[in-house]
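Each chain is listed here by its residues.
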Amino acid sequence: MRNYELVFIAHPELDEQALSALVEKVQAWITDAKGTVEKAEVWGKRRMAYTIRKQREGQYVYITAVFAPTFVQELERNLRFTESVLRFLVTARS
């Protein structure tokens with residue numbers, strides 16, 4: 001098990017309830033893979049440096065978690081197929 005940081009940008013037009021449901025879904029993916037979520041922060045809506053899928057703003061979410069390195073590929077695939085996620089980045093923490 002390793003420590004990871006996950007940051008993703010959600011669609012700016014998601015309401016608060018839909019955003020919290022998305023965060024809970026990502027946390028459920030992690031816990032279903034026998035990982036643990038240490039912290040989940042919603043940073044809110046921010047203006048991006050450039051457009052992504054014709055959007056200038058996005059809702060940023062930061063999650064720190066512990067899970068197996070083999071799960072990273074599956075997590076990235078799930079995030080890629082989630083339509084409301086504009087961009088994401090998973091990095092290993094030391």
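Up top is the structure.
Here's a quick rundown of the structure.

Observations concerning the nonpolar core
And then number 1: Counting residues in each nonpolar core, the largest one holds 20 residues, and the members touching the most others are Leu6, Phe8, Val26, Ile63, Phe67 and Leu75.
And then number 2: Elements supplying a minimum of two residues to this core: β1 (2-10), α1 (16-32), β3 (55-67), α2 (71-81) and β4 (85-92).
And then number 3: With 6 residues, the single largest contributor to this core is α1.
And then number 4: Setting aside chain neighbours within four positions, we find Leu6 in contact with Val26, Val61, Tyr62, Ile63, Leu75, Leu79, Phe88, Leu89 and Val90.
And then number 5: If you look at the next biggest cluster of nonpolar residues, it comprises 5 residues, including Ile9, Met48, Tyr60 and Leu86.

Cut-off values and rules
Numbering of residues begins from 1 in every chain and follows the order in which that chain's sequence is written. It should be noted that, the model being predicted, local features are given only for residues of pLDDT at least 70 and side-chain atom pairs only at 80 or more, the latter also being counted only at that level, while totals for whole chains, interfaces and linings use all residues. The basis for every side-chain value is the complete set of heavy atoms in the structure, and neither hydrogens nor water enter the calculation. Put simply, a nonpolar core is a bunch of buried Ala, Val, Leu, Ile, Met, Phe, Trp, Tyr and Cys residues held in one set by side-chain atoms that sit within 4.5 Å of each other. Residue exposure (1.4 Å probe, protein chains only): buried if accessible area is under 20% of the type maximum, exposed if over 50%, otherwise partly exposed. Under the scheme used here, helices are H or I runs from DSSP no shorter than 4 residues and strands are E runs no shorter than 2 residues, and both carry numbers assigned from the N terminus. What makes two residues a contact is simply this: any of their non-hydrogen atoms within 4.5 Å.

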